[in-house]
Amino acid sequence: MTSYVHEARKRVGPRRTRIRPVIERLAAAHSDAAIALEFTSPLELLVSVMLSAQTTDVNVNRVTASLFAKYRRPEDYLAVAPQELERDIYATGFFRQKARSLRGTMKMLIEDYDGEVPRTLEELVRLPGVARKTANVVAAELGTPQGIVVDTHVRRLSQRLGFTRQEDPVKIERDLVRLVPREDWGRFPHLLIWHGRRVCIARRPRCEECVVNTLCPASRV
Ligand code: SF4
């Protein structure tokens, strides 16, 4: 995986003093930054995030539009034959594995959580097929972020902005939770993801039009 740590070379001040203005400027520039998955309940959120592994959010939304009309409660996922569920989520890819995870998760929701989606990271990662990243996304969207989601954009931008010198997502998250004010844990990844898609592009960052270029040690302007 490409590293961007070496791009952070300019002296722009300590990260502790830069973090708040960076968040404020990004929030102003990307007021629409939010999760792109469509859902109307915690259960739909959980399913969407589980289905989003290795595919695009657009693709997931296309599938869940009809999926959620058919599967409303955890029990509904177990009421059909496994092959039927596989067919219904086929277009999201890795459908066998995802169907297995969904069925396992629904079973545990019913048996251990009265059919409700739990809120803590420890409980969420117990669910079959729910990795830490999935759990983080779900917890953040439910208003109880307990960590910071590190995807490829968050990794690249955190490195360029000099917020971490780590390569491994778990270590990057450890740096970020020490730095980012807790109330911003939920929106911080969205801001970096949208900025990463629109401005701080992997191959050719648009530093000249970037709202944080005076606060970024990797700025090319
Ligand atoms: S686009 Fe902005 S955040 Fe990305 S490297 Fe350039 S100045 Fe830094």
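Each value, and the rule that gives it
- Residues numbered from 1 in each chain as written.
- Predicted model: local features only at pLDDT ≥ 70, side-chain atom pairs only at ≥ 80, totals over all residues.
- Helix = DSSP H or I, 4+ residues; strand = E, 2+ residues; numbered from the N terminus.
- Buried ≥ 20, exposed ≤ 12 C-beta atoms within 10 Å, placed from the backbone.
- Contact = placed C-beta atoms within 7 Å.
- Near = placed C-beta within 6 Å.
- Nonpolar A, V, L, I, M, F, W, Y, C, P; charged D, E, K, R; others polar.
- Axes fitted to C-alpha atoms, helices over the stretch in contact; angles between N-to-C directions.
- Left-handed = near helix turned anticlockwise from the far one by under 90°.
- Expected span 1.5 Å × (residues − 1).
- Domains from an automatic or database assignment.

## As for the overall build of the protein chain
Item 1. Regarding its fold elements, the protein chain presents 11 helices and zero strands.
Item 2. In terms of overall dimensions, the protein chain has a C-alpha envelope of 60 × 30 × 30 Å along the principal axes.
Item 3. Across the 221 residues that make up the protein chain, the buried fraction comes to 38%.
Item 4. A fraction of 61% describes how many contacts in the protein chain between residues 6 or more apart in sequence connect residues 24 or more apart.

## Side note on the site of the ligand
Item 1. Around the ligand, the surrounding shell holds 13 residues, and the nearest of these are Cys200, Pro205, Cys207, Cys210 and Cys216.
Item 2. Looking at the shell around the ligand, its residues break down into nine nonpolar, two polar and two charged.

## Focus on the environment of Pro42
Item 1. Turning to its location among the elements, Pro42 is positioned in helix H2 (residues 42–51).
Item 2. A sequence separation of 77 residues divides Pro42 from Arg119, and the C-alpha atoms of the two residues are 9.5 Å apart.
Item 3. Not counting chain neighbours up to four residues away, the residues in contact with Pro42 comprise Val117 and Leu142.

## Points about the packing of helix H1 (residues 15–29) against helix H11 (residues 187–198)
In a packed pair of helices, the relevant descriptors are the angle between the two axes and the axis-to-axis distance.
Item 1. Where H1 meets H11, the axes come as close as 10 Å, and the angle between the chain directions of the two elements is 60 degrees. At the point where H1 passes H11, the crossing takes the left-handed sense. Across the interface between the two elements, Ile23, Leu26 and Ala27 of H1 pack against Phe188, Leu191 and His195 of H11.
Item 2. Here the residues of the contact of H1 with H11 are counted per class, giving five nonpolar, one polar and no charged.

## Here we look at helix H6 (residues 95–113)
Item 1. With 19 residues, H6 ought to run about 27 Å at 1.5 Å a step, and its terminal C-alpha atoms sit 25 Å apart, in line with that.
Item 2. Next to the buried residues of H6 lie H2, helix H4 (74–79) and helix H5 (82–89).
Item 3. Backbone geometry just after H6 places Asp114 at a positive phi near 55 degrees.

## Focus on the domain arrangement of the protein chain
Item 1. Segmentation of the protein chain into domains returns domain 1 (5–34 + 148–215) and domain 2 (42–141).
Item 2. Its C-alpha centre places domain 1 at a distance of 29 Å from the equivalent point of domain 2.

## Points about the environment of Tyr113
Item 1. Within the secondary structure, Tyr113 is located in helix H6.
Item 2. Overall, the presence of 14 C-beta atoms within 10 Å leaves Tyr113 in the partly exposed class.
Item 3. C-alpha of Tyr113 to C-alpha of Glu123: the two residues are 10 residues apart in sequence and 9.5 Å apart in space.

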